[in-house]
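Summary of structural features
Residues per chain are reported as follows:
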Amino acid sequence: MVCAQQNPRYLFDDLYFADPSIHVFNNKIFIYPSHDIDTEVKDPTNGGHYNMKDYHVLSMDNIQQEKAKDLGIVLKLEDIPWADKQLWAPDIAEKNSKYFLYFPAKDKKGNFKIGVATSNTPEGPFTAEKNPIKGSYSIDPTVLKDNNQYYIYFGGLKGGQLEKYRNNKLLSEAKEPNDQDNALSPKIALLSKNILEFAEKPRDILILDENGNPLKAGDHERRFFEGVWIHKYNNTYYLSYSTGDTHKLVYAIGNNPYGPFTFQGEILSPVVGWTTHHSIVEIDKKWYLFYHDSKPSGGKNHLRSIKVRELQYDQQGHIKPMNGQD
Ligand code: FUB
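Residues numbered from 1 in each chain as written. Predicted model: local features only at pLDDT ≥ 70, side-chain atom pairs only at ≥ 80, totals over all residues. Heavy atoms only, no water.

The protein chain appears in an unreviewed UniProt entry as Alpha-N-arabinofuranosidase from Chryseobacterium taiwanense.

Dropping the structure here:
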């Protein structure tokens, strides 16, 4: 059941931004998005038309502020020594007053890796490390700080290349599993003390159905595709993600950062545009969903605009589903 909820609004009009990661630092709201641009590249199967070349930071003094402010370019493709193209969805973490921007990009061999760039302020600019995180692959990193440990989650199918890997190894012959086999999982790794490296080999995150069985690869309405986000509500871990080709945001819950997580349901029905990618954050004791759609560009999949709306839980802690067409 989809219940309409109040007033989603666009946060920026002049440029196209997508994949918003939201964090509150020093009482200010910061948005770390992808910066969509028009491109000649036509490659819908592999996502080559998401051909982004830089990152901006946006900010808001408070959640009531109608529009976000663009703080400008904070990292450019040409300043990342190992990266060749496609600066996709980033996230950020703070440790000891230093800020770490995690981002995916294709390396010179055409493989997605995850890089880190650092700054002394949340506004940037950010300086990229010389190499990507050793052992990283695929896309859509997000970082959870929990009990003074930092965990990185990542992964994305198709254009995000996750199906090319098994046991953290690139296998040229690997494909998406058959429909009746277990779905591919998002990955998690504990980060090192300086949060620049993996402290362990990435592990699979199991997402289970209501009977405790792993979701199947053919279950496109529920299985993980990309855009993972993790937040905590009432001491429960909520793992949310996009179902990709069925265009939904859904979630599963668990008792610890590694899972397993049990599938719960839909957060947002399909938006205008192919991708949906979000973050869920508590600001001033209310919860918000930040996401994007392609309505302002007239439905161009690679030109997306960020939005925000309030998110509510019911008495049992279930997220109330929302309509992506609002
Ligand atoms: O923005 C490029 C890619 O599109 C992201 O990395 C995915 O999550 C999808 O939103």
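Following the structure, the description resumes.
Now for empty space enclosed by the protein. Applying the stated rule across the entire model yields 2 cavities of 30 Å³ or more. For the largest cavity, the calculated volume is near 70 Å³. Taken as a whole, the second largest cavity holds about 50 Å³ of empty space. Forming the boundary of the second largest cavity are Ser21, Ala89, Pro90, Asp140, Pro141, Thr142, Gly227, Val228, Trp229, His277 and His278. When residues of the lining of the second largest cavity are assigned to their parent elements, the largest contribution, 3 residues, is made by strand 18 (residues 226–233). The class makeup of the residues in the lining of the second largest cavity is 5 nonpolar, 5 polar and 1 charged. (1 Å grid on protein atoms, 1.4 Å probe; cavity = no way out; pocket = protein on both sides within 12 Å on 5 of 7 lines; lining within 4 Å. Points joined across faces, edges and corners; volume = space filled by probe spheres on them. Helix = DSSP H or I, 4+ residues; strand = E, 2+ residues; numbered from the N terminus. Nonpolar A, V, L, I, M, F, W, Y, C, P; charged D, E, K, R; others polar.)

Here the focus is the pattern of salt bridges. Taken as a whole and judged by the stated rule, the model has 17 salt bridges. For glutamate 176, the salt bridge is made with lysine 158, and the minimal N-O distance between the two is 3.1 Å. Here lysine 158 lies in the loop between strand 12 (149–154) and strand 13 (165–166) and glutamate 176 lies in the loop between strand 14 (169–170) and strand 15 (187–190), a separation of 18 residues in the sequence. A relative accessible area of 41% places lysine 158 in the partly exposed class. In this structure, the salt-bridge partner of glutamate 310 is lysine 286, at a minimum N-O distance of 3.9 Å. One end of the pair, glutamate 310, is in strand 24 (residues 305–311); the other, lysine 286, is in strand 23 (residues 286–293), with 24 residues separating them in the sequence. (Salt bridge = Lys/Arg side-chain N within 4 Å of Asp/Glu carboxyl O. Buried < 20%, exposed > 50% of the residue type's maximum accessible area, 1.4 Å probe, protein only.)

With that out of the way, let us pick up the site of the ligand. If you check the shell around the ligand, you find Asp19, Ser34, Met52, Trp88, Ala89, Asp140, Glu226, Thr275, His277, His292 and Arg304 and nothing else. Aspartate 19 places a side-chain nitrogen or oxygen 2.5 Å from an oxygen atom of the ligand. Note that an oxygen atom of the ligand is positioned 2.6 Å from one of the side-chain N or O atoms of histidine 277. Protein chains shield 99% of the accessible area of the ligand, which is 280 Å² for the free molecule. Placement of the ligand is best described as lying within the second largest pocket. (Near = heavy atom within 4 Å. Polar contact = N/O pair within 3.5 Å; in protein donor to acceptor, adjacent residues only side chain to side chain. Areas by Shrake-Rupley, 256 points an atom, 1.4 Å probe, with all protein chains shown as cover. Sits in = over half its atoms within 2 Å of the grid points.)

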